[in-house]
Amino acid sequence: MEQRPLGRSGLTVAPLGFGGNVFGWTADEATSHRLLDAFVEAGFNLIDTADVYSAWVPGNQGGESEAIIGSWLKARGTRDRVVIATKVGWELAPDRKGLSPAHIRTAVEASLRRLQTDRIDLYQAHVDDHTVPFEDTLGAFQDLIAAGKVRAIGASNIAAPRLREALAVSAREGLPRYETLQPEYNLYDRAGYEAELEGVCREHGLGVISYFSLASGFLSGKYRSAADAGKSARGQGVVAKYLNPRGQAILAALDAVAARHKAASAQVALAWLMARPGLTAPIASATTLEQLDDLIAAARLRLDAEDVGRLDAASV
Ligand SMILES: NC(=O)c1ccc[n+]([C@@H]2O[C@H](COP(=O)([O-])OP(=O)(O)OC[C@H]3O[C@@H](n4cnc5c(N)ncnc54)[C@H](OP(=O)(O)O)[C@@H]3O)[C@@H](O)[C@H]2O)c1
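Here's a quick rundown of the structure. (Residues numbered from 1 in each chain as written. Predicted model: local features only at pLDDT ≥ 70, side-chain atom pairs only at ≥ 80, totals over all residues. Heavy atoms only, no water.)

1. Overview of the site of the ligand
Rules: The cutoff for a nearby residue is simple: one of its non-hydrogen atoms must lie within 4 Å of the molecule or strand. Any pair of N or O atoms that falls within 3.5 Å is considered a polar contact. Within protein, one atom must be able to donate a hydrogen and the other to accept it, and sequence-neighbouring residues count only if both atoms are side-chain atoms. Accessible surface is estimated by sampling points in the Shrake-Rupley manner with a 1.4 Å probe; for residues, cover comes only from the protein chains shown. Using a 1 Å grid laid over the protein atoms alone, points where a 1.4 Å probe fits but cannot get out form a cavity; open sets with protein on both sides within 12 Å along at least 5 of 7 lines form a pocket; any residue with an atom within 4 Å of a point counts as lining. If over half the atoms of a molecule are within 2 Å of the grid points of a cavity or pocket, the molecule is regarded as sitting in it. Strands here mean DSSP runs of E at least two residues long; helices mean DSSP runs of H or I at least four residues long; both are numbered from the N terminus. Here the nonpolar group is Ala, Val, Leu, Ile, Met, Phe, Trp, Tyr, Cys and Pro; Asp, Glu, Lys and Arg are the charged ones; every other residue, Gly included, is treated as polar.
The full set close to the ligand counts 31 residues, and Asn-21, Asp-48, Lys-222, Arg-234 and Ser-285 are the nearest of them. One nitrogen or oxygen atom from the main chain of Ser-213 is found 3.5 Å from an oxygen atom belonging to the ligand. At 2.8 Å, a side-chain N or O of Asp-294 approaches a nitrogen atom of the ligand. Protein chains bury 94% of the 900 Å² of accessible surface belonging to the ligand in isolation. Among the cavities detected, the one that contains the ligand is the largest pocket. When residues of the shell around the ligand are traced back to their parent elements, those giving at least two are strand S10 (283–284) and helix H10 (289–298). Here the element with the most residues in the shell around the ligand is H10; it accounts for three residues. Taken together, the residues that form the shell around the ligand break down as 11 nonpolar, 15 polar and five charged.

So, in structure tokens, the structure goes:
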């Protein structure tokens, strides 16, 4: 399996990451473990989660996804085969949020405990916290790296000027730098990343691991009418956001390219991301083994210039 570097961290990953926000939400523990088994069996290694997953599910409080990954790591003894990426900063409670050194120090211990491991490979700032100087946040991350609890750090949901500023602070102060960016990026949502962030990442050699790579399932092509919202617990939101003339034009282009390759639309959507210069690994999730087969097959699908041109024309 091809391995791609996560910035200059020394970590490498196969070109597709598994998104863990479904664990404890649309995939129960047993299903989640089967999905992780199949993902690793197919040669992939990047697993992405966050301390806050899946707090939005009634009855949950956050940490459910990490705990499910932790029980899988322990049961299967797979820790050394995978790259575990998790995040800190999203609000868990009014007094448990953001990127202050105190919150980071508490949050990392909770994540390590739930993950049943002694180290997090990639620890990501889930949000941009304007109330804490970068020096303080990066200093806290430096301490965790020195203690061996974290191997590398990354950023998510940050604007280009702020990412530049963080990188400048790291260089100036001799602090660890964000080695990766996790932006929302897919065939439908392009502008937010392509306008400026993509240039910053390429200039500084950051790894890019995109989220919502399938636009929450829309790019699989299973939502074609309002009635299709019933196909998933998250269907209502997907239809409301993406089922419009632009979304339909993108689905039509995906259909055409998929037919040419005898592939599924989800495969084409992910292959388009994997072919994007500077993009390290799209993160996507699946809730069944059949869906996961499409994700896995995407890594073998090579799009040519005609395919990419057709997808670009429908989505820019
Ligand atoms: N940094 C951030 O702020 C942030 C925010 C959001 C997500 N993320 C990361 O990105 C990951 C991916 O996000 P996501 O799971 O929300 O979105 P996604 O990858 O765009 O969509 C995945 C969903 O699409 C459906 N699907 C997948 N393959 C399919 C197939 N072959 N055919 C039909 N449907 C298919 C499944 O949902 P159903 O079966 O329910 O339809 C699956 O859970 C997350 O797990 C998380 O790690 C990060």
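2. Some thoughts on the pairing of strand S8 (residues 178–182)
As a reminder of what qualifies: Think of it in three bands: residues with accessible area under 20% of the maximum for their type are buried, residues over 50% are exposed, and the middle band is partly exposed, with areas taken using a 1.4 Å probe on protein chains only. Following DSSP output, two strands are said to pair if at least two bridges run between them. A crossover gets the label right-handed when its path from the first strand over the helix to the second runs clockwise, viewed with the strands pointing away from the viewer.
Of all five residues in S8, five are buried; the element is thus mostly enclosed. The sheet contact formed by strand S7 (residues 150–156) and S8 spans four bridges and is parallel. Each bridged residue has a counterpart across the sheet, and for Ser-156 the counterpart in S8 is Gln-182. Since S7 and S8 lie parallel, the crossover through helix H5 (residues 160–173) that links them has a hand, and here it is right-handed. As defined by bridge partners, S8 adjoins strand S9 (residues 207–208) across two bridges and the pair is classed as parallel. Bridge pairing in S9 places Leu-181 opposite Val-208. For the segment spanning S8, helix H6 (residues 191–204) and S9, crossover handedness is right-handed.

3. Structural notes on the layout of surface pockets
As a reminder, the rule being used: Grid points are joined across faces, edges and corners, and a volume is the space filled by probe spheres set on the points.
Approximately 740 Å³ is the volume found for the largest pocket. In this structure, the largest pocket is lined by 38 residues; those nearest its centre are Asn-21, Phe-212, Ser-216, Arg-234 and Ser-285. Going through the elements one at a time, S10 and H10 are the ones with two or more residues in the lining of the largest pocket. The biggest single contributor to the lining of the largest pocket is H10, with three residues. Broken down by class, the residue content of the lining of the largest pocket amounts to 16 nonpolar, 16 polar and six charged.

4. Here we look at the side chain of Asp-307
Heads up, the rule is: Any pair of residues with heavy atoms lying within 4.5 Å of one another is described as a contacting pair.
Mapped onto the elements, Asp-307 comes out in helix H11 (residues 305–315). A polar side-chain atom of Asp-307 sits 2.4 Å from a polar atom in the side chain of Arg-260. Leaving out residues up to four positions away in the same chain, Asp-307 has contacts with Val-257, Arg-260, His-261 and Arg-302.

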